[in-house]
Amino acid sequence: MTALRLAACLLALACVPHAIAQTGTLSGVVRDAETNEVLPGATVRLASTALGITTDTEGVFQLNDLVAGPYTVVVRMLGYASAERAVRVEADEETHVTIRLDPSFVGLDGVVVSATRTGAEASTLPVKVTVIGAREVAQQQAFTSSPAELVANVVPSFSPARQKLSGYGESFRGRSPLFLVDGVPQSNPLRDGSRDGFTIDAEAIERVEVVFGANAVQGLGATGGIVNYVTTSAPVDGSLHQRISVASTTSDEWDGDGLGWRGQYLAAKRFGTVDVLASVSYERRGLQYDGRGERIGLDNVQGDIADSHSRNLLAKVGWRPTAGQRLQLMVNDFRLAQDGDFVSTSGDRDAGLPTLSVAGEPEGTPP
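Conventions and cut-offs
Residue numbering note: each chain is counted from 1, following its sequence as written. Confidence filtering applies because this is a predicted model: local features only for residues at pLDDT of at least 70, side-chain atom pairs given and counted only at 80 or more, and all residues used for totals across whole chains, interfaces and linings. Hydrogens and waters are ignored; side-chain quantities use all the structure's heavy atoms. Put simply, DSSP H or I for four residues or longer makes a helix, DSSP E for two residues or longer makes a strand, and each gets a number counted from the N terminus. A 1.4 Å probe rolled over the protein chains alone gives each residue an accessible area, and that area as a share of the maximum for its type sets the label: buried under 20%, exposed over 50%, partly exposed in between. Whether two residues are in contact is decided by their heavy atoms, any of which lying within 4.5 Å being enough. Note that accessible areas follow from Shrake-Rupley with a 1.4 Å probe, and for residues the cover is restricted to the protein chains shown. Two strands pair under a simple rule: DSSP has to find at least two bridges between them. Inter-axis angles, ranging from 0 to 180 degrees, are taken between N-to-C directions of lines fitted to C-alpha atoms, where helices are fitted over the stretch in contact. Here a cavity is any set of points on a 1 Å grid over the protein atoms alone where a 1.4 Å probe fits but cannot get out, and a pocket is any open set with protein on both sides within 12 Å along at least 5 of 7 lines; a residue lines the site when it has an atom within 4 Å of a point. Grid points are joined across faces, edges and corners, and a volume is the space filled by probe spheres set on the points. Under this grouping Gly is polar, as are all residues other than the nonpolar Ala, Val, Leu, Ile, Met, Phe, Trp, Tyr, Cys and Pro and the charged Asp, Glu, Lys and Arg. Residues belong to one nonpolar core when they are buried, are Ala, Val, Leu, Ile, Met, Phe, Trp, Tyr or Cys, and are joined through side-chain atoms within 4.5 Å. Within 6.5 Å between ring centres, the rings of Phe, Tyr and Trp (the latter by its six-membered ring) count as paired, and their orientation is classed by plane angle as stacked under 30 degrees, edge-to-face over 60, tilted in between. Throughout this description, the term salt bridge denotes a Lys or Arg side-chain nitrogen within 4 Å of a carboxyl oxygen of Asp or Glu. In this scheme the handedness of a crossing depends on how the near helix is turned from the far one: anticlockwise by less than a right angle means left-handed, clockwise means right-handed.

Chemist: What is the right way to look at the overall build of the chain in this model?
Modeler: When helices and strands are counted, the chain shows 3 helices and 21 strands. Sorting the 367 residues of the chain into buried and exposed places 42% on the buried side. Sequence-distant contacts, at least 24 apart, represent 61% of the contacts inside the chain between residues at least 6 apart. With an accessible surface of roughly 18,800 Å², the chain has 54% of that area assigned to carbon and sulfur atoms.

So this is what it looks like as structure tokens:
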């Protein structure tokens, strides 16, 4: 009799997974209620659960393997009032919703910051946090390829970018920040080369998380705060996302020495629970000119962004086993070097003569 009861219990347990394994998919798009434009970077969460995701560059989100039943979708984004939508996920089906947000001033509630390694919401952190969203990043990308300059243009507490290869003299609230790319530290404070602020092309960045103040979680090096560059993500709906950009800069006189150009190509796609992204960019920069049309003197010791060339190769593969977990493998190969076509002449402060650049070959290997 005992054996029969044991067999019955085992049979009942074996049937339980089939009873609770009825799952479905919830997908949707987040749009501006006034302009109907898609909103990339919006935070989508399921109330009373730990499940959440961020909309991609097309404003799309998708949550897989959800247990069939009712849910409340909560959507938040900087500059918009939060919105809630009651939905029901059906077994073995995809439920699609369109959620529109009303433009409004809101705080950082619901914005998840990955720079702290904990994936906590910004409103719960005991420090000040600024998130530079996808739209503002895109505006900055139109005229700069330097991530450090991007941050300096938006965050007042970050010192103005010197446009040098070296980050010496650039500080965050008077101290040195720790730069991250997708949460990976870009510097070693025990052997500081001051190159950590510019290790990836700005075109590959989707948003920037800025955490003010020292942070012991990241260890030595984050005395001023944390700047985390988050790279572009693949569309969650499985569509192929491609982006090509070409830009040129020059002096007012269209002088050949001041002419620069850059180009970038990015492709990203999601295959079920796996997402793939690849990006390649190249830039050649000319000399910089002052308001009087004079060539600004180069720094041939620390290195200068002017009269330089750079290239960036980025590839990453992500795997999301569940809606709340993601494993990523990323390879980023970045190189920026001076061309070595110009040297600087010594200026004279008393005579009002600035340091200028003249054609010539500097000593040694260009930085």
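Anyway, onward from the coordinates.
Chemist: Would you explain unusual backbone geometry in this entry?
Modeler: Here the phi dihedral of Asn36 falls at roughly 70°; this positive angle occurs in a residue that is not glycine. Tracing the backbone shows Asn36 in the loop between strand E1 (23-32) and strand E2 (43-46). When its relative accessible area of 37% is taken as the criterion, Asn36 is described as partly exposed. With phi around 65°, Ser48 is a residue other than glycine that occupies positive phi space. Note that Ser48 resides in the loop between E2 and strand E3 (52-54). A relative accessible area of 82% places Ser48 in the exposed class.

Chemist: Even after reading the chapter, I still don't get the sheet that holds E3, so can you show me in this structure?
Modeler: Strand pairing in a sheet relies on backbone hydrogen bonds. The paired strands run either parallel or antiparallel. Taking strand neighbours across the sheet as the criterion, the 4 strands line up as E3-E2-E5-E6 in an open arrangement whose pairing is antiparallel. Of all the strands in the sheet, the pair left with one neighbour each is E3 and strand E6 (83-89). Strand-to-strand twist in this sheet, taken as the mean axis angle between neighbours without regard to direction, amounts to 25°. Across 7 bridges, the pairing between strand E5 (residues 69-76) and E6 is antiparallel. Paired with Val75 across the two strands is Ala83, which belongs to E6.

Chemist: Teacher, can you tell me more about empty space enclosed by the protein here?
Modeler: By rolling a water-sized probe across the atoms, one finds the places where empty space is left. This model, assessed by the stated rule, comprises 1 cavity of 30 Å³ or more. The wall of the largest cavity is formed by 13 residues, among which Gln62, Asn64, Arg270, Gly272 and Arg320 lie closest to the centre. Per element, the largest residue contribution to the lining of the largest cavity is 4 residues, and it comes from strand E4 (residues 60-67). Grouping the constituent residues of the lining of the largest cavity by class yields 5 nonpolar, 5 polar and 3 charged.

Chemist: What should I look at first to understand the nonpolar core in this one?
Modeler: Soluble globular proteins tend to pack their nonpolar side chains together in the buried interior. The biggest cluster of nonpolar side chains holds 25 residues, and the ones touching the most others in it are Leu150, Val151, Val155, Phe158, Val208, Val210 and Tyr229. Secondary structure elements with two or more residues in this core: helix H3 (147-154), strand E11 (177-181), strand E13 (205-212), strand E14 (225-231) and strand E16 (260-271). Among the nonpolar cores identified, the runner-up in size contains 24 residues, and Val30, Val44, Val73 and Tyr80 belong to it.

Chemist: Honestly, the packing of aromatic side chains in this entry has me stumped. Any pointers?
Modeler: Two descriptors summarise a pair of aromatic rings, namely the distance from one centre to the other and the angle between the planes of the rings. Going through the model one piece at a time under the given rule, you end up with 6 aromatic pairs. A ring pair is formed by Phe158 and Phe179, whose centres lie 6.3 Å apart and whose planes are at 75°; its orientation type is edge-to-face. A residue pair is termed long-range when its members are at least 10 positions apart, and Phe158 in the loop between H3 and E11 and Phe179 in strand E11 qualify at 21 residues. Residues Phe158 and Phe179 agree in their burial class; the two are buried. For the pair Phe198 and Phe334, a centre-to-centre distance of 5.2 Å together with 35° between the ring planes defines the contact as tilted. Highlighted residues: Phe198 in the loop between strand E12 (184-185) and E13 and Phe334 in strand E19 (residues 327-338), separated in sequence by 136 residues. Here the two residues Phe198 and Phe334 agree in accessibility, since each one is buried.

Chemist: Would you take a moment to explain the layout of surface pockets for this structure?
Modeler: The computed volume of the second largest pocket comes to approximately 530 Å³. Forming the walls of the second largest pocket are 30 residues, and the residues nearest its centre are Gly167, Ser194, Arg195, Asp196 and Gly197. Mapped onto the lining of the second largest pocket, the elements with two or more residues apiece are E11 and E19. In the lining of the second largest pocket, the residues fall into 12 nonpolar, 12 polar and 6 charged.

Chemist: Just to check I follow, could you spell out the sheet that holds E1 for this structure?
Modeler: Strand order in the open sheet made by the 3 strands is E4-E1-E7, with mixed pairing throughout. Looking at strand neighbours, the two that pair on one side only are E4 and strand E7 (94-101), the edges of this open sheet. On average, adjacent strands in this sheet sit at an angle of 20° to one another, irrespective of strand direction.

Chemist: Teacher, can you tell me more about the pattern of salt bridges here?
Modeler: The tally for this structure, following the rule as stated, stands at 11 salt bridges. Across the pair Asp304 and Lys164 runs a salt bridge whose closest N-O atoms are separated by 2.6 Å. Taken together, the residues span a long stretch of sequence, with Asp304 in the loop between strand E17 (274-285) and strand E18 (308-319) and Lys164 in the loop between H3 and E11 at a distance of 140 residues. Arg284 is paired through a salt bridge with Asp339; the nearest N and O atoms lie 3.1 Å apart. Remark: Asp339 occurs in the loop between E19 and strand E20 (342-345) and Arg284 occurs in strand E17; sequence separation between them is 55 residues. Look at the salt bridges and you will find they share partners, linking Arg270, Asp275 and Arg326 into a network.

Chemist: What is the right way to look at the packing of helix H2 (residues 134-141) against H3 in this model?
Modeler: Between two packed helices, the angle of one axis relative to the other and the distance separating the axes together describe the packing. Contact pair H2 / H3: the axes reach a minimum separation of 10 Å and the direction vectors enclose 115°. Regarding H2 and H3, the two cross each other, and that crossing is right-handed. Contacts from Glu136, Val137 and Gln140 of H2 reach H3 at Leu150, Asn153 and Val154.

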